[in-house]
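This is what each chain is made of:
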Amino acid sequence: MKRLQTNLEKKSKQLKLSASAAKAFSSDEEVNSSLATPKKFTSFLSLESSMKDEKIQVFKNEKFVCIKDKYPKAKIHFLLIPHGDTFPKLLKVADIIKLPKSVEILKEMKDISDKIINDKFPDDLKKKALCGFHSIQSMQPLHMHIISSDFQSDCLKNKKHWNSFNTDYFIKLGDLIQNLEEENDYFKSDKFNLNKQDLLKKYMDLPLKCNVCHVEQKNLPTLKRHILTHK
Ligand SMILES: [Zn+2]
Ligand SMILES: [Zn+2]
């Protein structure tokens with residue numbers, strides 16, 4: 001009896017472990033799960049354990065931590081994440097927009113990302129760096145992507161991955177700051193209403209287009225080869 005109990009305990013420990021491991025980090029799943037109907041998922045993918053992993057940290061101060069994305073969609077792919085007690089819990093872009101000091105915080109993120117790009121990106125990729133947020137986030141907490149726009153990576157596997165960075169589904173940091181400073185209604189407009197997830201998801205179905213010359217490509221392998229023709 002005692003033995004059975006121990007075995008059961010062991011088993012449940014193992015189960016707990018594997019469940020948390022599965023939840024720990026997978027940006028690869030991010031786009032897919034964010035596109036699932038809200039009813040389907042009960043918990044968000046958490047970045048918490050990755051944020052503490054010093055092996056993948058590229059920058060850290062009392063307010064922000066920057067880590068390598070474990071499933072990079074390009075040669076360089078980092079995530080810049082507000083952390084600590086400085087901010088209320090930020091889960092999505094709309095949360096940061098609501099903060100009274102949103103522009104200040106985003107400008108701080110801009111300064112840090114500029115520094116990270118300057119320090120960590122190889123010279124030929126510095127000018128190709130993209131900074132911004134997915135309009136629908138399924139990983140917690142809120143994170144900003146800092147990615148090189150070569151998109152040469154085996155982890156970039158499907159049209160959703162591509163369109164999540166190369167359509168208006170991707171909110172560029174500069175655009176976000178500009179729109180907030182001008183206090184216009186961009187984020188309430190029909191083009192980009194953060195409350196209308198169905199509308200945002202339509203960006204994923206747009207045809208695959210080159211991010212340099214905007215010519216449509218028939219599939220992802222063709223597109224990846226095509227990008228290499230731009231130097
Ligand atoms: Zn993301
Ligand atoms: Zn092209």
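For the structure, check the block above.
Predicted model, so just to flag it, every value in this text is computed and none were measured.

Colleague: What should I look at first to understand the overall build of the protein in this one?
Modeller: Of regular secondary structure, the protein possesses 10 helices and 8 strands. Burial status across the protein gives 27% buried among its 231 residues. Partitioning the contacts of the protein with sequence separation of at least 6, the portion at a separation of at least 24 is 63%.

Colleague: How do you make sense of the environment of His 226 when you look at a structure like this?
Modeller: Tracing the chain through its elements places His 226 in helix α10 (residues 220-227). Take His 226: there are 16 C-beta atoms within 10 Å of it, and that puts it in the partly exposed class. Each C-alpha atom of the pair His 226 and Cys 210 lies 7.7 Å from the other, and the pair is 16 residues apart in sequence. Here His 226 is in contact with Cys 210 and Gln 217, once residues within four sequence places are set aside.

Colleague: Would you explain the sheet that holds strand β8 (residues 170-172) in this entry?
Modeller: The strands making up a sheet are joined through hydrogen bonds of the backbone, oriented either antiparallel or parallel. Strand order in the open sheet made by the 6 strands is β2-β3-β4-β7-β5-β8, with antiparallel pairing throughout. Each edge of the open sheet carries a strand with a single partner, namely β2 (57-60) and β8. Strand after strand, the sheet turns through a mean of 30° between neighbouring axes, direction not considered. Sheet topology note: the strand β3 (residues 64-68)/strand β4 (residues 77-82) ladder contains 5 bridges and is antiparallel. By the bridge assignment for β4, Cys 66 is matched with Leu 80. Against the sheet, helix α7 (residues 159-166) touches β5 (129-134), β7 (144-148) and β8, its axis set at about 25° to β8. The sheet strands contacting helix α8 (residues 173-181) are β5, β7 and β8, and the helix crosses β8 at an angle near 65°.

Colleague: In this structure, what is going on with helix α5 (residues 102-120)? I would like to understand it.
Modeller: The α-helix winds at 3.6 residues per turn, so residues separated by three or four positions along the chain end up facing the same way. Under the 1.5 Å per step criterion, the end-to-end length of α5 is 26 Å for 19 residues, consistent within 8% with the ideal 27 Å. All buried positions along α5 are accounted for by Leu 106, Met 109, Ser 113, Ile 116 and Ile 117. Considered in projection along α5, the buried side chains sweep an arc of 95° and stay on one side of the axis. Residues of α5 that are exposed and point over 90 degrees away from its buried face: Glu 104, Asp 111, Lys 115, Asn 118 and Asp 119.

Colleague: What should I look at first to understand unusual backbone geometry in this one?
Modeller: What is expected of a backbone is that most residues other than glycine have negative phi and most peptide bonds are trans. With omega at -10°, the peptide bond leading from Gln 140 into Pro 141 counts as cis. Position of Pro 141 relative to the elements: it lies in the loop between β6 (139-140) and β7. Look at Phe 151: it is not a glycine, yet its phi comes out positive at around 55°. Looking at the secondary structure, you find Phe 151 in the loop between β7 and α7.

Calculation criteria
- Every chain is numbered independently, its residues counted from 1 as its sequence is written.
- Both sets of labels track the order of writing: A upward for chains, 1 upward for ligands.
- Totals for whole chains, interfaces and linings use every residue, but because this is a predicted model, local features are given only for residues with pLDDT of at least 70 and side-chain atom pairs only at 80 or more, for both listing and counting.
- Under the scheme used here, helices are H or I runs from DSSP no shorter than 4 residues and strands are E runs no shorter than 2 residues, and both carry numbers assigned from the N terminus.
- Residues with at least 20 neighbouring C-beta atoms inside 10 Å of their own are called buried, those with 12 or fewer are called exposed, and the rest are partly exposed, where every C-beta is derived from the backbone.
- By the criterion used throughout, residues are in contact when their C-beta atoms, derived from the backbone, lie within 7 Å.
- At least two DSSP bridges between two strands are needed for those strands to be called paired.
- Between N-to-C directions, angles span 0 to 180 degrees; the directions come from axes that are lines fitted to C-alpha atoms, helices contributing only their stretch in contact.
- Given a helix with a known number of residues, its expected span is that number minus one, times 1.5 Å.
- Summarising the geometry, the arc corresponds to the directions from the helix axis toward the C-beta atoms.

Distances and angles like these do not, on their own, reveal function.
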